[in-house]
Amino acid sequence: SVTEYLSAFDLLSILISQNGGYFTVSYTGDSSFLNYFAEPDTAGQEINFAENLLDITQVTDATKIITVLTAKSRFGTYEAINEDAVAKYGKIYAYKYFDSVTSSTEFYQAADEYLKSMILGGQSISVTAVDLSLLDADIAPFAVGNTARVKSAPHGIDISMVVSRKITDINNPAASQITLGLPHKTLTAQLWKG
């Protein structure tokens, strides 16, 4: 008999693919801990225009965007097209087999939702903000993996996003940088117009 050994990374990848969630690393003294969370914790502060938001930039990675999806299942073949994304990025093709759908309606919906998520999957927002906890000890600091609410009326944004990166400059709090990504597949492309 053949025994297959999986790396720790492969086992963690399987856990995430089956259950969702994410991992963070924390440190206590000389010990490191790997933490698993099904849902992100909420940050103790918000990022607000004219308060602690210094700069906001939309970043698009075209290598992670799909605009035309050829979907297959036991119910047939379906081509899902996002016309708005095609107008913006051109035709970027991909193929996916949906094996767990139980009806043709569910198949079409799953294909359309997958296509929407792949358009958003290539987008992130880079936010430069002041971590107010550096100025006021009563305010909880941002932590990687937290969700933080970002509100900026001039940019048309009011959304909770996951903090994916944090750089803290204790000598110059205004130089601290918080990077957030778009975690929610249901977020519409209406967020960024033009």
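These numbers come from a predicted model, not from an experiment. (Residues numbered from 1 in each chain as written. Predicted model: local features only at pLDDT ≥ 70, side-chain atom pairs only at ≥ 80, totals over all residues. Heavy atoms only, no water.)

1. Here's the deal with the overall build of the protein
Okay, so step 1: On a plain count of helices and strands, the protein comes out with three helices and eleven strands.
Okay, so step 2: Listing the helices and strands of the protein from first to last along the sequence gives α-β-β-β-β-β-β-α-β-α-β-β-β-β.
Okay, so step 3: Long-range contacts, defined as pairs at least 24 residues apart, comprise 61% of the intrachain contacts of the protein with a sequence gap of at least 6.
Okay, so step 4: When the accessible surface of the protein is summed, it comes to about 12000 Å², and 52% of that surface belongs to carbon and sulfur atoms. (Helix = DSSP H or I, 4+ residues; strand = E, 2+ residues; numbered from the N terminus. Contact = heavy atoms within 4.5 Å. Areas by Shrake-Rupley, 256 points an atom, 1.4 Å probe, with all protein chains shown as cover.)

2. Notes on the nonpolar core
Okay, so step 1: Among the nonpolar cores identified, the biggest contains 15 residues, and Ile 47, Val 127, Phe 142 and Leu 180 are the most heavily contacted of them.
Okay, so step 2: Counting residues per element, the ones that place at least two in this core are strand 4 (53-60), strand 8 (123-129), strand 9 (147-152), strand 10 (157-167) and strand 11 (177-181).
Okay, so step 3: Top element by residues in this core is strand 10. It accounts for four residues.
Okay, so step 4: The next biggest cluster of nonpolar side chains, apart from the first, holds nine residues, and it includes Ala 71, Ala 80, Phe 107 and Leu 115. (Core = buried A, V, L, I, M, F, W, Y, C linked by side-chain atoms within 4.5 Å. Buried < 20%, exposed > 50% of the residue type's maximum accessible area, 1.4 Å probe, protein only.)

3. Notes on helix 1 (residues 8-19)
Okay, so step 1: The end-to-end C-alpha distance of helix 1, which contains twelve residues, comes to 16 Å, matching closely the 16 Å that a straight helix rising 1.5 Å per residue would cover.
Okay, so step 2: One or two positions beyond helix 1, positive phi appears at Gly 20, with a value near 75°. (Expected span 1.5 Å × (residues − 1).)

4. Some remarks on the confidence of the model for the protein
Detailed reading of predicted coordinates is not advised where the pLDDT is low.
Okay, so step 1: Across the protein, pLDDT averages 78, with 84% of residues at or above 70.
Okay, so step 2: For the protein, per-element mean pLDDT is lowest for strand 8, which scores 69, and highest for strand 6 (residues 76-81), which scores 95. (pLDDT = per-residue confidence, 0-100.)

5. Focus: the side chain of Thr 67
Okay, so step 1: Within the secondary structure, Thr 67 sits in the loop between strand 4 and strand 5 (68-73).
Okay, so step 2: Separated by 2.7 Å, the side chain of Thr 67 and the backbone nitrogen of Ile 92 make a polar contact.
Okay, so step 3: Apart from the residues within four sequence positions on either side, Thr 67 is in contact with Ala 80, Ile 81, Asn 82, Ala 85, Val 86, Tyr 89, Gly 90, Lys 91, Ile 92 and Leu 115. (Polar contact = N/O pair within 3.5 Å; in protein donor to acceptor, adjacent residues only side chain to side chain.)

6. Describing a nonpolar patch on the surface
Okay, so step 1: On the surface, a nonpolar cluster with roughly 240 Å² of combined accessible area is contributed by Leu 6, Leu 11 and Ile 14.
Okay, so step 2: Looking at Leu 6, the relative accessible area reads 37%, which means it is partly exposed. (Patch = residues over 30% accessible without salt bridge, like charges linked within 9 Å, V, L, I, M, F, W, Y side chains within 5 Å. Salt bridge = Lys/Arg side-chain N within 4 Å of Asp/Glu carboxyl O.)

7. A few points about the environment of Gln 58
Okay, so step 1: Structurally, Gln 58 is set in strand 4.
Okay, so step 2: On the basis of relative accessibility, which here comes to 29%, the residue Gln 58 falls in the partly exposed class.
Okay, so step 3: It is 8.8 Å that separates the C-alpha atoms of Gln 58 and Val 127, two residues lying 69 residues apart in sequence.

8. With respect to the environment of Phe 98
Okay, so step 1: Position of Phe 98 relative to the elements: it lies in the loop between strand 7 (93-97) and helix 3 (104-120).
Okay, so step 2: Overall, the relative accessible area of 11% leaves Phe 98 in the buried class.
Okay, so step 3: Along the chain, Phe 98 and Arg 74 lie 24 residues apart, while their C-alpha atoms are 8.2 Å from each other.

9. Comments concerning the pattern of salt bridges
Okay, so step 1: Here the structure, examined in full by the defined rule, presents three salt bridges.
Okay, so step 2: When the shortest N-O distance is used, the salt bridge between Lys 151 and Glu 46 registers 3.3 Å. Remark: Glu 46 occurs in the loop between strand 2 (31-37) and strand 3 (47-48) and Lys 151 occurs in strand 9; sequence separation between them is 105 residues.
Okay, so step 3: Of the residues examined, Glu 46 reaches a relative accessible area of 28% and is grouped as partly exposed.

10. Description of the packing of aromatic side chains
Okay, so step 1: Using the criterion set out here, one finds five aromatic pairs in the structure.
Okay, so step 2: For the ring pair Phe 107 and Tyr 108, a centre distance of 5.5 Å and an interplane angle of 40° mean the geometry is tilted.
Okay, so step 3: Overall, the relative accessible area of 1% leaves Phe 107 in the buried class.
Okay, so step 4: In this structure Tyr 108 comes out as partly exposed when scored by relative accessible area, which is 35%.
Okay, so step 5: Among the aromatic side chains, those forming a connected cluster through ring pairs are Tyr 78, Phe 98, Phe 107, Tyr 108 and Tyr 114.
Okay, so step 6: Cation over ring: Lys 96 sits above Phe 98, and NZ or CZ is 5.4 Å from the ring centre. (Phe/Tyr/Trp six-rings, centres within 6.5 Å; stacked < 30°, edge-to-face > 60°. Lys NZ or Arg CZ within 6 Å of the ring centre and 35° of its normal.)

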